[in-house]
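Structural description and commentary
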Amino acid sequence: MAGSKRKAELEVPIVDENDLLKLTPLGSGNEVGRSSILLEYKGKKVLLDAGIHPAYNGLASLPFFDEIDPASIDVLLVTHFHVDHAAAVPYLMEKTSFKGRVFMTHPTKAIYKWLLSDYLRVSNIGDEDQLYSEEDLITSFNRIEAVDYHQQVEVEGIKFTSFNAGHVLGAAMYLIEIAGVKVLYTGDYSREEDRHLMAAEKPDSPVDVLIAESTYGTQSHEPRLAKEMRFTSLVHDIVGRGGRCLMPVFALGRAQELLLILDEYWEAHPELDSIPIYYASSLAKKCMAVYQTYINMMNARIRKQFAISNPFVFKHISNLRNVEQFEDSGPCVMMASPGMLQNGLSRELFERWAPDKKNGLVITGYCVENTLARQAMNEPPDFTAMDGRKVSLRMSIDYISFSAHVDFTQNSKFIEEVKAPHVMLVHGEANNMFRLKSALQSRYSEREENVKIYTPKNCETVKLHFRGEKMAKTIGSLAAKYPTEDEPLNGILVAKDFQLNIMTPEDLNELGGLITTVITQRQVVPFNAATSLLKWHLEMMFGTVQETDLSKVDGSVEKGSVLRVFDTIDIKQLDNRANQLTLEWIGNAMNDMVADSVLAVILSVDSSPASVKVSTQPCSHAHSHDHDESVHDKVDKEIKADFENMIAFLKEQFGEVDADEQEHKVTVNVDGAKATVDCVKFSVDCESEALQKRVLNVVQRVKMAMKPIPVY
């Protein structure tokens, strides 16, 4: 079954819309930034990441949440703490109708709160453009649930498991399974082990759809050791000529890798002891505490080093909380956030140092289009400062990618290893994404492999049809014997979270998580004929009817009799309530049908004029019950009492009336029109339709007053 499902062809007629897997980028479609992808299948909705776009402010930086109903989202999965993947989470949770559950790994949750708090503090935007407050951030934080790598979580039919993605501490890729269809979302991932993080792992499970990043398209990274050597030489050259080396970095992530490299290089070059290295982040101490806490989630090299001494206690690096502590008096190395020079300390120092050609800017990570860092890489003669003035750009500009994203070699190899028949590319600029798609398609066409690759823009939906055959498993005692062909199978079909199981009622509690309950149904109906007459009618319809004393059936202290039909329906009549019957039976499809038939017989007997005559007049045949005479007397008394009560009510309503005691009829005269009331059948006969309706309305009210049905 699984094999046929994975070959799901679009040519198969789509009968049920729920068989369509829908993937819609609300951000990161043909762009880098505001990652957010909506997955819909079988009525379930999962949102993958909720970031902002670093190049924009306010609402413009958000994913296109206005294209969806946030209240319909069941689960939000956050891959890592970077702002382009997580900074819109508080907005979604506190400013929209979203009521679903939110999951991220333990390190991501620990860093998320501090990083976004710092993001709010350094954002150079007005209150009207602020997406959420510090209070919103704290409130949202308390609702987030943390998960471990390889821990499978199930939420109302949605199963997901997180795997190590490299990239930054705590970064995860998610394998989501709904109704047997598996989707792997990589988020940002790295397949290269660096100084402190392990490489991303590949899930062993087969995958139907792969959603992969395409940040670097078809570019290839230079070898790590060569890159580190070029980086340290470049920094050495800048400070050697008396300049200040500025490295804009995110407060967490690649910054820790660069700190390890620089601290080791300074230790190996004593001549650089006099030149300070600053890590300018208010989060420095907090973040290092997180890194030390989760040391076991890092690679073997860093764990081995930690056993001797803490590698994150740096000898040559000073933490700088704010610019007021900084004495700008000579050559230095400054690592400052944010990483794309949008605002904050890195932007302030860039504007201050840009005019001096001795200084140098070293960009170490990926820069999103339309950010100042991206513009600076083109080395323009000047740029616009935050206060609007023009600043000349004479400092050297160098780019060395320590970005922990896969290059073409790593990405294409991972995609091949996963072997998903459907691949959707996100998190890449249009040109890079198109080049990667073309390269992959060429590779697959040469091998004649049928792999479909999709590159949707924001708000464009990719629809994939998966129609697997439904298969139910026998479990419990039913599975003890292997069924033969054409052998009937009796059991209960239990559908739970898209899985079908057949089991016996006895296994429901243990294997199905269900408790079986017997429902006794009870119905009370008015009845004015003799019990013997009812029994005769029931035996004509159903055969033998058992009659027993009420006390022998349920140990009741009240006196009465019980008629049992088909050994399933009990018809009870209490001596002190001779004008009503109580039907009781165990509720199921068959018993309900019999009860309906019994009720029809009872109503037929009760409403038939012949029944009243037979039960109230002497008869020639012998009765088998000694108490029938007393029953007839009771009926006579009830009819007489009803007749007298009806006369009294009608007199109050219409004045003087004519009564016929023999026929139990009352005639009402209103403005020359006459209406005759039958006090046994409670019917009205009149030539005037208006008067008939009026009198009948009164009669029905009188009947309800005289013969109310008690409520149980």
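Now for a description of the structure that goes with this document.

Conventions used here
Residues numbered from 1 in each chain as written. Predicted model: local features only at pLDDT ≥ 70, side-chain atom pairs only at ≥ 80, totals over all residues. Heavy atoms only, no water. Helix = DSSP H or I, 4+ residues; strand = E, 2+ residues; numbered from the N terminus. Rg over C-alpha atoms; globule rule 2.2 N^0.38 Å. Buried < 20%, exposed > 50% of the residue type's maximum accessible area, 1.4 Å probe, protein only. Contact = heavy atoms within 4.5 Å. Pairing = 2+ DSSP bridges. Axes fitted to C-alpha atoms, helices over the stretch in contact; angles between N-to-C directions. Core = buried A, V, L, I, M, F, W, Y, C linked by side-chain atoms within 4.5 Å.

Things to note about the overall build of the chain
A tally of regular secondary structure across the chain gives 20 helices and 34 strands. For 712 residues, the compact-globule estimate of 2.2 N^0.38 gives 27 Å, and the chain exceeds it by more than 25% at 42 Å. Counting only C-alpha atoms and orienting by the principal axes, one finds that the chain spans roughly 130 × 70 × 50 Å. Here the chain holds 712 residues, and the buried ones make up 50% of them. Put simply, of all contacts in the chain between residues at least 6 apart along the chain, 68% involve residues at least 24 apart.

Side note on the sheet that holds strand β25 (residues 499–503)
The mixed open sheet is built from three strands, whose spatial order is β23-β25-β24. What marks the edges here is a single partner per strand, and that holds for β23 (472–474) and β24 (492–496). Ignoring which end each strand starts from, the neighbouring axes of this sheet average 30° apart. Across five bridges, β24 lies against β25 in antiparallel orientation. Paired with A495 across the bridge in β25 is L500.

Notes on the nonpolar core
Within the largest apolar cluster, 67 residues are counted, with the highest numbers of intra-cluster contacts made by L210, F231, L262, W266, F312, V333 and M335. Residues contacting M335, with those up to four places away along its chain left out, are M247, V249, A255, L258, L259, L262, Y278, Y279 and A280. Counting residues in hydrophobic clusters, the runner-up holds 32 residues, among them L320, V323, M340 and C367.

With respect to the sheet that holds strand β26 (residues 520–526)
Spatial strand order, β26-β30-β29-β28-β27: five strands in an open sheet with antiparallel pairing. Looking at strand neighbours, the two that pair on one side only are β26 and β27 (546–549), the edges of this open sheet. Each strand axis lies, on average, 25° off the axis of its neighbour in the sheet, ignoring direction. Here β26 pairs with strand β30 (residues 580–586) via seven bridges, running antiparallel. From the neighbouring strand, R522 faces β30, where its bridge partner is E584.

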